[in-house]
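Read off the chains here:
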Amino acid sequence: MPEVSTARRSKRWRTAGSYAALTIGAIIVLVPIYFTIVNSLLQPDQLAHQPPALVPSAPQWHDYRTAWDSGQLSKYMTTSAIMTISIVAGQLVTSILAAYAFAFLRFPFKRTLFLVCLGTLMIPFEVTFITNLDTVSSLGWFNTYEGLAVPFLATGFGIFLLRQAFLQIPKDLQEAAILDGYGHWRFMVRVAVPLARPSLAALGVFSFLAAWNQYLWPLLATGGTTPLNTVQIGLKQLVGTTPNQIPVALAGAVIAFVPLIILLVVFQKQLVRSLTAGAVK
């Protein structure tokens, strides 16, 4: 009995330690977001007060309207939404097709080509953006939606992630599908893709976050002074040079990350399922 009691106390301490670590991590992540929201509601002369305000006494909601209307954030977010949705859709389609081929098909140099796909993960974007910019300009896609999205329609990470998900599908399912007269296309659409939905959701979220937060490529591909500016470039323009514009810029930042919060909340379960897919066989 003493051993059982000691084991229970040890388990309780481990559980308490886990919750404490998670709480500290959540505070570290959420505190900057909280102060961004609070500072976006303060008057410009209140930003330098010490200690900083924890709760705004007179919230200035008009800065959000200024950022949305005068700052043209609505136009920038529309451009970002079109670019991001195009990139996410393209990466999902190309990753599904390539990953299925690497997982289920047999063809020459299969392993070599897969290693090449993985090798692209080690190439920094800064190494390729000049070549991409020359290619986009030569195709007449400079300052267009095609120029913003096409260079990112395929990703080695997505191919690797979905290939690993497809490899976890039992061979018995494929054999049963073949007996039922399924070809590769029907098996992929009706069996493989539905079983890999958690990984697809994770890839979609990661692709959305990466595309929505892009700054350098949209700046280069549009020149930075056109109606096709994205939300990140718009936020940079909201900063300005005077303290009076800081709350407006912070309000714009809050508006810009609202879609990301909604996305993470909606796909939270799918992300957890994807991250824990290999934990239990």
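Refer to the structure printed above.
Procedures and definitions
Throughout, a residue's number is its position along its own chain's written sequence, starting from 1. Totals for whole chains, interfaces and linings use all residues, but because this is a predicted model, local features are given only for residues with pLDDT of at least 70 and pairs of side-chain atoms are given and counted only at 80 or more. With hydrogens and water stripped out, all remaining heavy atoms of the structure feed into the side-chain values. Numbered from the N terminus, helices here are DSSP runs of H or I no shorter than four residues, and strands are runs of E no shorter than two. Both definitions apply: the radius of gyration is a C-alpha atom measure, and the globule rule equals 2.2 Å times residues to the power 0.38. The cut-offs for exposure are 20% and 50% of the maximum accessible area for each residue type, with area from a 1.4 Å probe on protein chains only; residues under the lower value are buried, those over the upper are exposed, and the others partly exposed. Surface exposure here means Shrake-Rupley accessible area, sampled with a 1.4 Å probe, where a residue is shielded only by the protein chains that are shown. Under the counting rule used here, the positive set is Lys and Arg, the negative set is Asp and Glu, and His together with the chain ends is not counted. A charged residue contributes its charge at one atom only: NZ of Lys, CZ of Arg, CG of Asp or CD of Glu. In these notes, a set of buried Ala, Val, Leu, Ile, Met, Phe, Trp, Tyr and Cys residues joined through side-chain atoms within 4.5 Å is what counts as a nonpolar core. Contacts are residue-level and defined by heavy atoms, with any inter-residue pair within 4.5 Å sufficient. Stacked, edge-to-face and tilted are the three classes for Phe, Tyr and Trp ring pairs, Trp counted by its six-membered ring, which pair at centre distances within 6.5 Å; planes under 30 degrees apart are stacked, over 60 edge-to-face, the rest tilted.

**Comments concerning the overall build of the chain**
- A count of helical and extended segments in the chain gives 14 helices and zero strands.
- Ordered by position from the N terminus, the helices and strands of the chain form the series α-α-α-α-α-α-α-α-α-α-α-α-α-α.
- Over its C-alpha trace the chain gives a radius of gyration of 24 Å, far above what one expects of a compact globule, namely 19 Å for 281 residues.
- With the C-alpha coordinates of the chain rotated into their principal frame, the extents come out at 75 × 70 × 35 Å.
- In the chain, buried positions account for 35% of the 281 residues.
- A total of about 17,200 Å² of accessible surface is found on the chain, and carbon and sulfur atoms cover 67% of it.
- Looking at the chain, you have 19 positive and 10 negative side-chain charges, and the mean spots of the two groups are 13 Å apart.

**Points about the nonpolar core**
- By size, the foremost hydrophobic cluster in this structure holds 24 residues, and its most contacted members are L73, V231 and L238.
- Elements supplying a minimum of two residues to this core: α2 (62-68), α3 (73-104), α10 (197-212), α12 (231-239) and α13 (246-266).
- Examining the composition of this core, we find that nine residues originate from one element, α13, more than from any other.
- Apart from residues lying up to four places away in sequence, L238 is in contact with A67, G71, L73, Q245, V248, A249 and G252.
- Formed by 19 residues, the second largest nonpolar core is a distinct cluster that contains L162, F166, I169 and A196.

**Here's the deal with the packing of aromatic side chains**
- As enumerated under the stated definition, the model contains 15 aromatic pairs in all.
- Pairing F102 with F107 gives two aromatic rings, centres 6.0 Å apart and planes at 50°, and the pair type is tilted.
- Given a relative accessible area of 8%, F102 falls into the buried group.
- For F107, a relative accessible area of 28% gives the class partly exposed.

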